[in-house]
Amino acid sequence: MTGYMKCSMTHVSLKSDMFSMVWPVFALDGKSKDALDFLYKGVSIKIVPSVLGRATIKDKEILIYCLSHIMAAKNAKLELSNTVCFNTYDLLKATGRGTSGKEYKLVEKALYRLAGTLITTDYRFNGRRFLESMGLIEGFKLIEDSGLSCWQVTLPDWLVETIDDNDVLTLHEDYFQLSKPFDRRLYEVCRKRCGRPSKQVIRLDNLRERIGIKLPLSAFKNRIQKLKKVLDYRLRVESDNVLIFRDTESGRKQLTKFEIERLRKE
């Protein structure tokens, strides 16, 4: 990967790296100022926030936008670069946000959080383990030319390895329309957990950790029960488990079967 590439395609499939879909890398809001330690099945992760706080799931829009363009270029067999350039207006329109001056400033703050949030982990990216702290982006700068400006963002080595290994997943086209951070994070976990199977089961406490929310388990359980659906996934709670059903013919049949059996038990 050399030089830089422009994010100028009018329509691309939304892509996310699998690493941040599995682990609660991004905070649900901007209030998270403390470091986060996470250990699961032998994989340890430590996330240290920037001076502006930990990068949020809303900030992740920038990574998704850049990664989506890079993967589209890769699939088209175009020359790739780990440095991308995008216009703020194009980013805001693509992610369904407003284009006021406030939104422009929020993008700048998001870039600072992405660059400042550091991760240390023994997780292997494409078989490679990074022993140093990693940023969510390597760096960024504003480029102005002939009255026009764009952000130039350099992606970190771990994300480059993710791209090389195609360790990404396609997100639902309405992902950016999920206005609540909780719903976005829940969708990501469901998408990674239940991408091909029509049904999956995950323990409530495990799902809570994956989402990265600090709620009593009873309150979290109640929230999932009320939600019931996030994009193309249906959710049902049974005892201490959450059942995830894909909105496919097979998934709908399994959901119907589950609900009939539950009615019989009542």
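Everything in this summary refers to the structure shown in the same document. (Residues numbered from 1 in each chain as written. Predicted model: local features only at pLDDT ≥ 70, side-chain atom pairs only at ≥ 80, totals over all residues. Heavy atoms only, no water.)

1. Topic: the packing of aromatic side chains
In step 1: For the coordinates displayed, the defined rule picks out 14 aromatic pairs.
In step 2: Between Y123 and F125 the ring centres are 4.9 Å apart and the planes differ by 70°, which places this aromatic pair in the edge-to-face class. The two residues Y123 and F125 agree in class, both being buried.
In step 3: Residues F245 and F258 carry aromatic rings whose centres are separated by 5.9 Å and whose planes lie at 40° to one another, so their mutual orientation is tilted. Placement of the pair is F245 in strand 16 (residues 241-246) and F258 in helix 9 (residues 249-265), with a sequence separation of 13 residues. For the pair F245 and F258, one class covers both residues: buried.
In step 4: By way of ring pairs, the aromatic residues F19, Y123, F125 and W158 are connected into one cluster.
In step 5: Positioned over the ring face of W23 is R210, at 4.8 Å from the centre of the ring.
In step 6: For the cation-ring pair, R223 lies above F182, with the distance from its terminal atom to the ring centre recorded as 3.9 Å. (Phe/Tyr/Trp six-rings, centres within 6.5 Å; stacked < 30°, edge-to-face > 60°. Buried < 20%, exposed > 50% of the residue type's maximum accessible area, 1.4 Å probe, protein only. Helix = DSSP H or I, 4+ residues; strand = E, 2+ residues; numbered from the N terminus. Lys NZ or Arg CZ within 6 Å of the ring centre and 35° of its normal.)

2. Focus on the environment of K74
In step 1: Counting through the fold element by element, K74 comes out in helix 2 (residues 60-75).
In step 2: Taking the relative accessible area as the measure of exposure, K74 reaches 23% and is therefore partly exposed.
In step 3: Considering only alpha carbons, one finds K74 and N166, 92 residues apart in sequence, at a separation of 9.7 Å.
In step 4: Leave out the neighbours within four places in its chain, and K74 touches L80, I163, D164 and N166.
In step 5: Of the polar contacts made by the side chain of K74, one reaches the backbone oxygen of I163; its length is 2.6 Å. (Contact = heavy atoms within 4.5 Å. Polar contact = N/O pair within 3.5 Å; in protein donor to acceptor, adjacent residues only side chain to side chain.)

3. Looking at the sheet that holds strand 4 (residues 43-48)
In step 1: In spatial order, the strands read 3-4-6-9; together these four strands make up an open sheet with antiparallel pairing. Of all the strands in the sheet, the pair left with one neighbour each is strand 3 (36-40) and strand 9 (134-135).
In step 2: Note: strand 6 (residues 118-121) against strand 9, two bridges, orientation antiparallel. In the strand pairing of strand 9, L118 is matched with G135. (Pairing = 2+ DSSP bridges.)

4. Describing the pairing of strand 16
In step 1: Where strand 13 (residues 199-203) and strand 16 come together, five bridges link them in antiparallel fashion. Residue pairing for strand 16: R203 is matched across the bridge by N241.
In step 2: The pairing of strand 15 (residues 233-238) with strand 16 spans six bridges and is antiparallel. The partner of V237 across the bridge, within strand 16, is V242.
In step 3: Hairpin connection, strand 15 to strand 16: the antiparallel pair is bridged by two residues, and S239 has positive phi, about 60°.

5. Regarding the side chain of T83
In step 1: Structurally, T83 can be placed in strand 5 (residues 83-86).
In step 2: By relative accessible area, which is 8% here, T83 ends up buried.
In step 3: The residues contacting T83, other than those within four sequence positions of it, are G3, Y4, M5, Q152, V153 and T154.

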